[in-house]
Each structure stands twice: as structure tokens, then as C-alpha cells.
Amino acid sequence: MPDNAVETLRWRSDAIEMIDQRLLPATVTYVRCDSAATVAEAIRSMVIRGAPAIGVAAAYGVALEALRHKDADPASFQASLDAGIALLAQSRPTAVNLFWALKRMRAFAQSLATLEPAQVAGQLLAEAHRIREEDIRINQDMGAYGASLLPDGARVMTHCNAGALATAGHGTALGVFRSAVTQGKRLSVIANETRPFLQGARLTAWEMVRENIPVTLVTDNMAGYMMRSGAVDAVVVGADRVAANGDVANKIGTYMVAVLAARHNIPFYVACPLSTIDLTLETGDAIPIEERDAAEVKGFRDCIWAPEGVSVRNPSFDVTPAELVTALITEKGIVHNETLMAGGLSSFVDSVS
Ligand code: MRU
């Protein structure tokens, strides 16, 4: 990793440490988790967030729970592992990478059923390390495909944070930008602030500034003005779950940006690893949308600007219909809109898996 790369998660002295994303950019500090319960709480409370990062964290949660119970008899060990997996599965509902990682860890544990619990625990930790390393490689492969879509000098809008912080490293949408810059392209980024949690202002802007990639911060309601005034050449965002028909769930406000991009003939790209594609759901209508605490909308930290008693909605994600997606960028190649519209996403996934 380059010297200035963000270490989103790191294994230190028998625990997983995660950079506390609630405190960025003001404070860089790590939260230490040593059990499924502490990892689940870190995911729920947004210490760690972003679909791939949540998946990697959950894999470590399973391994940590196994290590905690490695001296138990096989039946109690299995019961503890199942309970830990169930707890992690309840932490957040929308990003499918969480469930993908839990399924992979459970299946791996089942394949080791003849071993002693201590050996299974050791193997599960090795599998979590592998998932973390694979995620970085996947993002680099995705970045190379995505960079080929961006011309030299492109001014690219992004929404939320799909960066190193949202993954084990490199990032999905921001990975595309990093790869383009590494290829020698001059690129500038327009970061939408991303109300209410401010992932764009706090995290995307921070990542880009510390790597000297030119970035301009705008509030979400400036996206239309920016596009209409000719300041945006492309949009690249990440995803939390993509349905079999190509509908994309991503951070709230993404749909609005996609509609605006279509109105202004600006390509709208979604960078997503295969682990974010959920072929079990026919369309985006079936994707569970997390509704978060009203406090996030009424204020930020100690500053509250809404009147007491006001009713609030806080859906944390929305669904962009496949028809508005110019292409999905995966680690195995680019899936263009024509393929999505022809119902070809699942054949693509089958052909590359
Ligand atoms: O609520 P968050 O911050 O977890 O939401 C994150 C996003 O919506 C990202 O865009 C998505 O997970 C892709 S991250 C590579």
C-alpha cells in the first residue's frame, strides 16, 4: 500500500482495529473489537461503514467469536459461532456484502467440521485475512476497468464515500479515480456532501485531499446546477446491493443524481464488486432499505436545528433503476446498459464466477 493509504481495518494483537469513521476528518483514531458483539456494534454505530468494509469486518467478527470459544467442546463452539453470525447479520440490512461474508465464513467453517475448534478458529482467522486481501485486489482490478471509461481531464462527480474507507483499501468508485490518476490521467472530483451523515464532506473529501487528487465539495442540492452548467463529465458511485435486473441500491440521494445525469446526458457509472450483486432478488424493489435514527436529520453531533416534535424520515439508501445506469464496473469487466436491459446480468456473473 502507498505511504498515505488509509488503513481502514488492521489486525493488531489478537483483535481487529477499525478507524473510527464517525470522528473523521477531525480525529484519526482506531476502535478495537475482539468479539462478534463488538464488531456488530461497530457496524451498527457506523464506526465502520461502506458495503465491502462491512463485509470484511463481519468476517473478522466471525473469526474473533471462534477464537473466543476455541477451547469449548465442539457443540458449544458451534452454538457460539451460530449466535455470533446471527448477531452480525442484524447489524445493518442493506449492504449485501455483510450477508455474503457471513455465508462464506459459515460455509468455510462447515467444511472444517472434522477439525478441533481451535484449528477451525485458526482457519477462520486466515479466511478473514484472505477476504481482506482479496477485497483490495478486487478494487484494484475494478479500478483498472473503470479508469478506461474516464477520459483525460474528466471532472467526475461522486456521492457518499466509496473509497478506501468503505473497503479494505483502494475503494470502488474512488478506486476508479485512483487508478485513473495512476495511469497518468488528470482527473478532478466533485464530492457531493451526502446528507445526513456527510460521508462525502467528511470522508471522500478527506481521502482525496490527503492524496492530492483535486476535489471540490458541493452540497447535494448543487448537483443539478453543476451538471447544467457543464461542470460534470461523468458520475461514478459505489453500491450496497445490485439486484438481478441491474437496479442499484446506494446511499440516499444517488437516485436523484442518476436522474439528473440522465437529464444532462452525463454517463452514470456504478463501481461494484461481484459480492455486491444479489441475484436472489429480481428487482431493486425487494432490497431492504435501512431507516436510521431521526437524530441524524435533525442535527449533527451537538448541534440540533430542527424543532422538537417534528416528524422525520431517514431512509439511508435509495434504488436507482437499471435504465439509468450507463454501466456497472466490476472486477471482472464492464456490464453495459444494453446488457442490463436485456436481462444479461446473471449470465455475466455466471460466466465470470
Ligand atoms: O451508510 P454507508 O456509509 O455504509 O453507505 C455507504 C454507501 O452507500 C456506499 O456508497 C456503498 O457502500 C459503496 S462503498 C464501496
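Residues numbered from 1 in each chain as written. Predicted model: local features only at pLDDT ≥ 70, side-chain atom pairs only at ≥ 80, totals over all residues. Heavy atoms only, no water.

A word on the nonpolar core. Ranked by internal contacts, the top residues of the largest apolar core, which has 42 residues, are Met18, Val39, Ile43 and Leu124. Among the elements of the structure, strand S2 (15–19), helix H1 (36–44), helix H2 (51–68), helix H3 (74–89), helix H4 (96–111) and helix H5 (117–147) are those that each provide at least two residues to this core. If you tally residues by element for this core, the top one is H2, at twelve residues. Ile43 has contacts with Ile48, Ile54, Ala57, Ala58, Leu88, Ser91, Arg92 and Leu98, leaving out every residue within four places of it along the chain. Listed in part, the 30 residues of the second largest apolar core include Ile190, Val242, Val325 and Val335. (Core = buried A, V, L, I, M, F, W, Y, C linked by side-chain atoms within 4.5 Å. Buried < 20%, exposed > 50% of the residue type's maximum accessible area, 1.4 Å probe, protein only. Helix = DSSP H or I, 4+ residues; strand = E, 2+ residues; numbered from the N terminus. Contact = heavy atoms within 4.5 Å.)

Across the sheet, which stays open at both edges, the three strands sit in the order S1-S2-S3 with antiparallel pairing between neighbours. Strand pairing shows two members of the sheet lacking a second neighbour, strand S1 (9–12) and strand S3 (30–33), which therefore form its edges. Across the sheet, the axes of successive neighbouring strands diverge by a mean angle of 30°, strand direction being ignored. Running over the sheet, H2 touches S1, S2 and S3 and is turned about 20° from S1. (Pairing = 2+ DSSP bridges. Axes fitted to C-alpha atoms, helices over the stretch in contact; angles between N-to-C directions.)

You can read the domains of the protein as domain 1 (3–140) and domain 2 (146–352). Here the C-alpha centroids of domain 1 and domain 2 sit 25 Å apart. Taken together, the contact between domain 1 and domain 2 spans 34 residues of the former and 39 residues of the latter. Of the roughly 2,900 Å² buried between domain 1 and domain 2, counting both surfaces, carbon and sulfur atoms make up 55%. A salt bridge links Glu290 to Arg92, with the shortest nitrogen-to-oxygen separation between them at 2.8 Å. Inspection of the region where domain 1 meets domain 2 yields 20 residue pairs in polar contact (both at pLDDT 80 or more). Broken down by element, the residue count for the side of domain 1 that touches domain 2 peaks at six residues, all from H5. Broken down by class, the residue content of the side of domain 1 that touches domain 2 amounts to 20 nonpolar, eight polar and six charged. (Domains from an automatic or database assignment. Buried area = accessible area lost by both parts, 1.4 Å probe. Salt bridge = Lys/Arg side-chain N within 4 Å of Asp/Glu carboxyl O. Polar contact = N/O pair within 3.5 Å; in protein donor to acceptor, adjacent residues only side chain to side chain. Nonpolar A, V, L, I, M, F, W, Y, C, P; charged D, E, K, R; others polar.)

Moving on: the site of the ligand. Around the ligand, a shell composed of 18 residues is seen, among which Arg49, Arg92, Asp240, Asn250 and Lys251 lie nearest. Ala51 is positioned with one of its backbone polar atoms (N or O) 2.8 Å from an oxygen atom of the ligand. Between an oxygen atom of the ligand and a side-chain N or O atom of Asn250, the distance comes to 2.6 Å. In the complex, the protein chains occlude 100% of the 410 Å² of accessible area that the ligand would expose alone. Looking at the shell around the ligand, the elements with two or more residues in it are H2 and strand S9 (248–251). A domain-level breakdown of the shell around the ligand finds at least three residues from each of domain 1 (3–140) and domain 2 (146–352). (Near = heavy atom within 4 Å. Areas by Shrake-Rupley, 256 points an atom, 1.4 Å probe, with all protein chains shown as cover.)

Taken together, the seven strands give an open sheet; going across it, the order is S6-S5-S4-S7-S10-S15-S16, and neighbouring strands pair in mixed fashion. Looking along the sheet, the strands with just one partner apiece sit at the ends: strand S6 (215–218) and strand S16 (333–336). Sheet twist, expressed as the average angle between the axes of neighbouring strands with direction ignored, equals 25°. In terms of strand pairing, strand S15 (residues 327–330) meets S16 through four bridges, oriented antiparallel. Looking at S16, one finds that Ile329 is bridged to Ile334. Taken strand by strand, helix H9 (residues 254–263) contacts strand S4 (155–159), strand S5 (188–192), strand S7 (234–237) and strand S10 (268–271), and its axis lies near 145° from that of S10.

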